[in-house]
Amino acid sequence: MSDTIRFTLDDREVEARAGETIWQVAKREGTLIPHLCHKDAPGYRPDGNCRACMVAIEGERVLAASCIREPSEGMVVSSQGARETRARKAVLEMLLADQPERDAAHDRSAHIWQMAEMQGVTESRYPTLDSDRIPLLDDSHVAMRVNLDACIQCNLCVRACREVQVNDVIGMADRGHDAYPVFDFDDPMGESTCVACGECVQACPTGALMEASVVDEAQVGDSADYDSEVDSVCPFCGVGCQVSLKVKDGRIKYVDGIDGPANEGRLCVKGRFGFDYIHHPHRVTKPMIRRDDAPAKGLNVDPANPWTHFREATWDEALDAAASGLGRLRDQHGGKAVAGFGSAKCTNEEAYLFQKLIRQGFGHNNVDHCTRLCHASSVAALMENVGSGAVTATFNQIENADVAIVIGANPVENHPVAATYFKQFAKRGGKLIVMDPRGVGLRRFATHMLQFRPGADVALLNSIMHVIVEEGLYDQQYIDAYTENWEAEKAHLSGFAPEEMEALTGIPATTVREVARAFATAKAGMIFWGMGISQHIHGTDNSRCLISLALMCGHVGRPGTGLHPLRGQNNVQGASDAGLIPMFLPDYQPVTDDGVRSAFSEIWNSGDFSSQKGLTVTEIMDAVHDGQIRGMYILGENPAMSDPDVDHARDALAKLEHLVVQDIFVTETANYADVILPASAFAEKTGTVTNTNRQVQMGRPAVSPPGEAREDWWITVELAKRLGLPWDYKHPSEVFAEMKRGMHSFDNITWERLETQNAVTYPSLSPEDPGQAIVFGDGFPRAEGRARFAPASVIPPDETPDPDYPMILTTGRQLEHWHTGSMTRRSRVLDAVEPEANCSLHPRTLRRLGVTPGGMVRLSTRRGSIRLMARADRAVAEDMVFLPFAYVEAAANILTNPALDPYGKIPEFKFSAVRVEAVEDIAAE
Ligand SMILES: Nc1nc2c(c(=O)[nH]1)N[C@H]1C(S)=C(S)[C@@H](COP(=O)(O)OP(=O)(O)OC[C@H]3O[C@@H](n4cnc5c(=O)[nH]c(N)nc54)[C@H](O)[C@@H]3O)O[C@H]1N2
Ligand SMILES: Nc1nc2c(c(=O)[nH]1)N[C@H]1C(S)=C(S)[C@@H](COP(=O)(O)OP(=O)(O)OC[C@H]3O[C@@H](n4cnc5c(=O)[nH]c(N)nc54)[C@H](O)[C@@H]3O)O[C@H]1N2
Ligand SMILES: [Mo]
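Just so we're clear, the structure is a prediction, and the values are computed from it rather than from any experiment.

Draft legend 1. Here's a closer look at the sheet that holds strand β13 (residues 288–290). The sheet built from 7 strands is open, its strands ordered β14-β13-β27-β26-β25-β15-β16 with mixed pairing. Single-partner strands in this sheet number two, and they are β14 (310–312) and β16 (367–368). In this sheet, β14 lies alongside β13 in antiparallel orientation, the contact comprising 3 bridges. Bridge pairing in β14 links I289 to R311. Most of the contacts of helix α8 (residues 348–362) go to strand β15 (residues 338–341), to which it runs at about 170 degrees, and overall it touches β15, β16 and β25 (631–635).

Printed below as a string of structure tokens:
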């Protein structure tokens, strides 16, 4: 049987593919049939409720809604005849009768007006209905406006909220003509559980739901009133959503999601509403030099005047000062006196130039970035046992899975668009196994929620694998063909019966057995993980267990299978690939390999540099304290907030003889600078970034950098020249071309391709191949093509609770804020939603401490203490505190333990012993 259907559309013979509707075929053939309740975008199911797309079908008495009707063989369809055109006009006229006048419309360019124009409808013959039934304006949300007088009950917002983003906030109240969308139980939008992804606003065809930034006080607006629109990539997380930035008068007015390979049009609150940090008055717009009369270096937390200790300078003066300060240290003490932190927020080209500057300009490998605090341990385990640090499958592959594990990750808040796919997977019957000490948002969709003891991952994962071995559920064929060290792993696991591990994990053996069976017997299973796995002194062991689990079940290399550490920063994958790592040159080629170094010396046309692995982020800070490192160049990182035991890091920054900081704000780190170089934000520059899916995407400038701020790559090149390097790049495309010479991952990916296609996944096997979503189907990039089982033993956290510090502190993130807050606390919408430093404790714990929710507590560890507001949250275990690290006034990292994982050198951000006290008690002390 052929899977195409032949039918006649407007006197032409056409073909429909399986599952295509008449509307879709018509569109493909060049006829746009008007549509309102139907959104032509991935994820939107046709609903056929508005009747704006009626067509006539020969032999049928009534007209059919083309958006939902599939053609059948030999069908004769007419879309332009008098009868259906008249019917469609009538529908539009009836709907327009109830719309505000176009001049006073909430969105003068709303889809409904375009459709009316297309159908030749300018005014309505029908009377306006009684306006009493219209609910009043709802302006309770800072980011969106609800004006239901324009609502046509098309149900798109409900589908957007429930089916596309799976947030389940919007529903329809009442029936028929009186139906209207409500938030939760008819709450004002701003008081509902809405997470402000804005999908409903993007879907609404009338302007009933609008971005607040598009309408004026009178609720009148025009979404087409912009000067330019630019396709680029979201600057926040590693999902890499493609965005369309609408620019008016040199400012971003609003943002739409577009059909990128990772996001298919979806966005989250940060991507859609968090763009305005780039217009904040705190932007550094001129190069700055520390004043001669500035006090000793330290934190100046006066947010109103972060510039106090600096004076403006010209670019020439600032670059000369920056370069001569670093150059002098190099000349007096050797290149190793200067180290660099590059950025995962900048582009691939910028990351590449940064590591090249340190290696070529200073002769060593003391260059690192925030990956060290992030997935360093995951990458160490993946490199060691799989032979490659990147994901083996895109997160979107969950569409083909029947079971998925999400462990130590909170994607609903931290990778919200990826989470929409996870939620859809669960809704269509996929088995979702969530493992986290905290009851994270995804638990609502989980078939199994294992809320286990923090730090007990190895015990839990080994016990799952024990069951798989004991019950013979492993995939012997796969193991024989593609792995090594199985017998050792198998023997090792015998000591981890779930009945015995229960005391450590808190998870009943029966649950462990169920989960083991569900994962091992599935046809296709995926594993996703995050910081709950990586940020431990046994982070590498945690990841080794996940790798072993996937391998023994043969869940790698096929559709719906794979290992996926959810990468964090927008370009942490790319920055790591580009060699912003002390042990690796681009593409993870070891610095210790003479052949590799000589290949790069040749590309760079320069001499050799150190064959010694460089120091990592926290080791660099220690080396500053030891006096070995005296100067630093820090690009787009904020270690004065993000490093563990941050007082130690701040003291190191203060001790530096020369610090050059290149950022868009005077961050806490920039407070310690001698020279601040004003950079351009992502929306102001050209360059490529690589997301968690290995998708290389093109970022384009939408607006100009403010004042004299310049693109990061330009600044690094100017510094390099002043440090005596023969660099003459004039455009990022030249840097990209050079990168390709040393990086096979970019084979078949060219700048020109990215300019036209926006995204290519690596590896791409030919100039036409969009790239491989799944890798390692036929073996691994290791000896004999085999991945390796790496048995892991239980290691307790570095610091365990005791009578002085009886509880467990865990740190992490919240939906609205980005890391150290530098960007999101300067975004109007995001800061309004989450304005105050907070931590979360179980309500019973709060009661025991005598703290009412919203009251103040003091948290103290062996490193220091902070005060902040405490929230009640049943998702947190009774002996734990969850603390986000975005707030300088209560900086989480004053408390955290800098103890490191020996392989990944990642600190134990997820476990410290802490004391919690009510602030009233403190006052009474
Ligand atoms: N909104 C927002 N999104 C972000 C970021 C942000 O700052 N804000 N940052 C981005 C970056 S760089 C990263 S790396 C990602 C991080 O994204 P995630 O990995 O989701 O980040 P976290 O919130 O740090 O921690 C994840 C989970 O680990 C759990 N956990 C704590 N201890 C343990 C443990 O011992 N075992 C296990 N299995 N789990 C544990 C916590 O309860 C938490 O739910 O997010 C990215 N996305
Ligand atoms: N307690 C605790 N600490 C943690 C973690 C945790 O879970 N708990 N997580 C760790 C993890 S996973 C990470 S990734 C790190 C993140 O640590 P950082 O990377 O230090 O944190 P960010 O706030 O993302 O810093 C990015 C900086 O880049 C600047 N910036 C943004 N765009 C641009 C640009 O285009 N050009 C330039 N030049 N600058 C730009 C921002 O203003 C900001 O200062 O934090 C780590 N620290
Ligand atoms: Mo991260």
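Right, picking up where we left off after that structure.
Draft legend 2. Quick look at helix α16 (residues 509–521). Taking 1.5 Å of rise per residue, the 13 residues of α16 would be expected to cover 18 Å, and the 18 Å separating its terminal C-alpha atoms lies within 8% of that figure. Taken as a whole, α16 has its buried residues at A509, V512, R513, V515, A516, A518, F519 and A520.

Draft legend 3. Broad picture of the UniProt feature "domain: 4Fe-4S Mo/W bis-MGD-type" (unreviewed entry) in the chain. This chain's UniProt record puts "domain: 4Fe-4S Mo/W bis-MGD-type" (unreviewed entry) on residues 227–282. With 9% helix and 36% strand, residues 227–282 has its two end C-alpha atoms placed 25 Å apart.

Draft legend 4. Quick look at the packing of helix α21 (residues 617–625) against helix α23 (residues 646–655). For the pair α21 and α23, interaxial distance at closest approach is 9 Å and the crossing angle is 55 degrees. When the interaxial angle is binned, α21 and α23 end up oblique. The handedness of the crossing between α21 and α23 comes out as left-handed. Residues M621, D622, V624 and H625 of α21 form the contact with α23, whose own contacting residues are H648, A649, D651, A652, L653 and K655. Each residue belonging to the contact of α21 with α23 can be placed in one class, and the counts come to 5 nonpolar, 2 polar and 3 charged.

Draft legend 5. Broad picture of the site of ligand 2. Near ligand 2 you find 36 residues, and of these N638, S642, D663, T820 and N893 are the closest. Note that an oxygen atom of ligand 2 is positioned 3.0 Å from one of the side-chain N or O atoms of Q569. Between an oxygen atom of ligand 2 and a side-chain N or O atom of K685, the distance comes to 3.0 Å. Grouping the constituent residues of the shell around ligand 2 by class yields 15 nonpolar, 14 polar and 7 charged. Built from parts of two domains, the shell around ligand 2 gets at least three residues from each of domain 3 (326–371 + 571–776) and domain 5 (807–918).

Draft legend 6. Inspection of the domain arrangement of the chain at higher detail. Domains assigned within the chain are domain 1 (5–80), domain 2 (125–279), domain 3 (326–371 + 571–776), domain 4 (375–565) and domain 5 (807–918). Each of domain 2 and domain 5 has a C-alpha centre, and the two are 32 Å apart. Residue-level contacts link 12 residues of domain 2 with 11 residues of domain 5. If you sort the residues of domain 2 by the area they bury against domain 5, V142, K270 and Y277 come out on top, with a joint share of 44%. The interface formed by domain 2 and domain 5 includes 0 salt bridges.

Draft legend 7. Molecular detail of α21. Every buried residue of α21 is accounted for by V617, T618, I620, M621, A623 and V624. Among the residues trailing α21, G627 stands out with phi positive, at a value near 85 degrees.

Draft legend 8. Molecular detail of the pattern of salt bridges. Using the criterion set out here, one finds 54 salt bridges in the structure. Across the pair D168 and K427 runs a salt bridge, and its minimum N-O distance is 3.5 Å. With a gap of 259 residues between them, D168 in the loop between α4 (156–164) and β7 (170–173) and K427 in helix α11 (residues 416–427) connect regions that are remote in the sequence. Ionic contacts of the salt-bridge type, sharing partners, join the residues R12, R17, E20, R28 and E29 into one network.

Draft legend 9. Examining the packing of helix α12 (residues 457–470) against helix α15 (residues 498–505) more closely. Where α12 contacts α15, the two axes come as close as 9 Å, and the packing angle between them is 165 degrees. It follows that α12 is roughly antiparallel to α15 by the angle criterion. Two packed elements cross with a definite hand, and for α12 against α15 that hand is left-handed. Packed against α12, whose contacting residues are A459, L460, S463, H466 and V467, the element α15 presents P498, M501, L504 and T505 at the interface. Partitioning the contact of α12 with α15 into residue classes produces 6 nonpolar, 3 polar and no charged.

About the thresholds
Residues numbered from 1 in each chain as written. Chains lettered and ligands numbered in written order. Predicted model: local features only at pLDDT ≥ 70, side-chain atom pairs only at ≥ 80, totals over all residues. Heavy atoms only, no water. Pairing = 2+ DSSP bridges. Helix = DSSP H or I, 4+ residues; strand = E, 2+ residues; numbered from the N terminus. Contact = heavy atoms within 4.5 Å. Axes fitted to C-alpha atoms, helices over the stretch in contact; angles between N-to-C directions. Expected span 1.5 Å × (residues − 1). Buried < 20%, exposed > 50% of the residue type's maximum accessible area, 1.4 Å probe, protein only. UniProt positions renumbered as here; feature names shortened; annotations may be inferred. Parallel < 35°, antiparallel > 145°, perpendicular 65-115°, else oblique. Left-handed = near helix turned anticlockwise from the far one by under 90°. Nonpolar A, V, L, I, M, F, W, Y, C, P; charged D, E, K, R; others polar. Near = heavy atom within 4 Å. Polar contact = N/O pair within 3.5 Å; in protein donor to acceptor, adjacent residues only side chain to side chain. Domains from an automatic or database assignment. Buried area = accessible area lost by both parts, 1.4 Å probe. Salt bridge = Lys/Arg side-chain N within 4 Å of Asp/Glu carboxyl O.

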